[in-house]
Amino acid sequence: MTDIEQPHSPMATTGSSVAGGTTPGPTDDASRLAAERAAGGSIIEVSFSVNGTHHAHTVEARRTLSDVIRHECGLTGTHIGCEHGVCGACTVLVDGAPSRSCLMFATQATGAEITTSEGLSGPDGTPHPIQQAMMDAHGFQCAFCAPGFLMSTLALLEDDPDPSEEAIREELSGNICRCTGYQSIVEGVQRAVDVRRTPTGASGSSALGTSARTSGSAS
Amino acid sequence: MKPPPFTYHRPNRLGEALALLAEHGDDAKVLAGGQSLVPLMALRMGRPAHVVDIGAIDGLDSIDVATSGDDAGAVTIGAMVRHEQAKRSPTIAEHAPLIAETMPYVAHRAIRSQGTVVGSIAHADPAAEMPAVVLATGATMIATSAADGEREIAATDFFQGYLDTALRSDEILTAVRFPAWPSNAAGVTVEEARRHGDYALVGLVVKIELDGDTVTDAALAFFGAASTAIRVGAAEAALVGSHATADAVDVTARIVAAELDPPADIHGSTAYRKHLAGVLTRRALTRALRVDDQADHPIGAPV
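These figures come from a predicted structure and were not determined experimentally.

Engineer: Tell me about the overall build of chain A, residues and numbers included.
Structural biologist: Secondary structure assignment for chain A yields seven helices and five strands. For chain A, the α and β elements follow one another from N to C terminus as α-α-β-β-α-β-β-β-α-α-α-α.

Engineer: Could you give an account of the sheet that holds strand 4 (residues 63–65) of chain B, with specific residues and numbers?
Structural biologist: Remark on secondary structure: sheet strands pair via backbone hydrogen bonds, oriented parallel or antiparallel. Residues and elements named next belong to chain B. What the five strands build is an open sheet, ordered 4-5-10-6-7; its pairing is antiparallel. The sheet is open, and its two borders are formed by strand 4 and strand 7 (149–154), each paired with just one other strand. Strand-to-strand, the axes of this sheet are offset by a mean angle of 25°, without reference to chain direction.

Engineer: Go over the nonpolar core, please, and point to the residues and values.
Structural biologist: Ranked by size, the top nonpolar core spans 148 residues in total, and within it B:I54, B:V118, B:V176, B:V206, B:L220 and B:F222 carry the most contacts. Ranked by residues supplied to this core, first place goes to helix 5 (residues 146–159) of chain A with eight residues. Once residues within four sequence positions are removed from consideration, B:I54 is found in contact with B:A17, B:V30, B:L31, B:A32, B:L60, B:A79, B:M80 and B:I172.

Engineer: Go over the sheet that holds strand 13 (residues 214–223) of chain B, please, and point to the residues and values.
Structural biologist: All names here are of chain B. Ordered by their spatial adjacency, four strands build an open sheet running 11-12-13-14, and the pairing between neighbours is antiparallel. Of all strands in the sheet, those with a lone pairing partner are strand 11 (185–192) and strand 14 (230–231), marking the two edges. Relative to strand 13, strand 12 (residues 202–211) is paired through nine bridges, and the arrangement is antiparallel. Residue pairing across strands places G203 opposite F223, the latter belonging to strand 13.

Engineer: Explain the interface of chain B and chain A to me, and be specific about the residues and the numbers.
Structural biologist: At the junction of the two partners, chain B supplies 28 residues and chain A supplies 30 residues. Those elements that place two or more of their residues in the side of chain B that touches chain A are strand 1 (7–9), helix 2 (37–42) and helix 6 (109–112) of chain B. Considered class by class, the residues forming the side of chain B that touches chain A number 13 nonpolar, nine polar and six charged.

Engineer: How would you summarise the environment of A:L154 if you had to cite specific residues and measurements?
Structural biologist: With respect to the helices, strands and loops of the structure, A:L154 is situated in helix 5. Residues A:L154 and A:I130, spaced 24 residues apart in sequence, show a C-alpha to C-alpha distance of 7.4 Å.

About the cut-offs
Residues numbered from 1 in each chain as written. Chains lettered and ligands numbered in written order. Predicted model: local features only at pLDDT ≥ 70, side-chain atom pairs only at ≥ 80, totals over all residues. Helix = DSSP H or I, 4+ residues; strand = E, 2+ residues; numbered from the N terminus. Pairing = 2+ DSSP bridges. Axes fitted to C-alpha atoms, helices over the stretch in contact; angles between N-to-C directions. Core = buried A, V, L, I, M, F, W, Y, C linked by C-beta atoms within 7 Å. Buried ≥ 20, exposed ≤ 12 C-beta atoms within 10 Å, placed from the backbone. Contact = placed C-beta atoms within 7 Å. Nonpolar A, V, L, I, M, F, W, Y, C, P; charged D, E, K, R; others polar.

Written as structure tokens, this is what we have:
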């Protein structure tokens, strides 16, 4: 895990200069991008906003949105599981629509407003009502899958503020959890719905609206 | 698990995209929503030297209904129309109800947000839903190239093999036109998958036309049952002229199970899939023909 957290580990390079074994791989952007050009890959500018903050980066065209969010934007709350669209851990909102960030090249999000799990909590760190409900329901165990479930749930409840259990299971069927058996996650969503219904809930009736930070001065 | 390097193109006009394809031909792939292409590249099953992204081209994301002429009522879906856009479209719901019926089976919300209807058809995965809808409805593919302009390809000619279509390497599938939905038609889509939203183990799109309780036309288009989406002509022929009875359903289902020879994979054997195809035929036709009053009604059927 810790290797993957490093922004420019040899794993993330094209590998052409690590063949010697003792020679470390490219460790800075310039050499990484030079290796990409040598391999015939385009280098492009990508820009979009993430949680209300504008981001512009020079990256390989083949860089997925998930990798740019984690490596260039430094937002490692978006997790990468399967990297081919099955597990749902990397789900983010792209202009409000839940999307697999591992199944998009970053360039496809040009100009978009992206919301990641870091955008859920308040500026003072107060958990989003969905996060609080999930904690209260002990929704997750290891929580590797949590960012994806949270973003899928946010999109679900903005579409349908009072979904049936069947609708919850259907809408979250694109997210895999290997710990819980899903019951506690479904209960967490239902608890979030209940919080919204109850005016005495800490966050009030509009708590599940578009309260994630999707806009900001820089966007 | 990272896509290999490629030269990236993001043209603003269709003409530029077509010129790029004319120049780079077999070394290029068209990127629309990317929900099939990106994972294929991540798995290194595809290594195109050039990627032509059509996402910045205006005018490819419309859903249009022909209001007059021979095609009146036909629905044309542009190359950048996302699955979720189609799923939520009142136009699709009214004029192309079999697409609306099928959409909930297509992947998951987070994939439908980006993936395109036309891209799924061009990709031609044999276990995907939209190619079967194309076959069941007799849709027309509109391919565009710099050399020949627009070329129409019939559903029966389009799917040629596993992930293989009649599209040339210099062409973009710019739109697909679905014929007007007949007033006497009923449609049903059924599917079994390991997990709802995953690719089908086997699925079936049915379109039948009725005169009273007599079947006058039938299309049974299966997915996940061969190297392409596939119709079962023998079963359709047996169904046409039949009355809407449980016997007709049973006979048709038996023919389907006998005729199909689905490939085996880690998710299911040939024998299992043949059985499943028969079961799904029973379920779909029971609804489409309203044999069982307790079953959900088909879409578009006369009351």
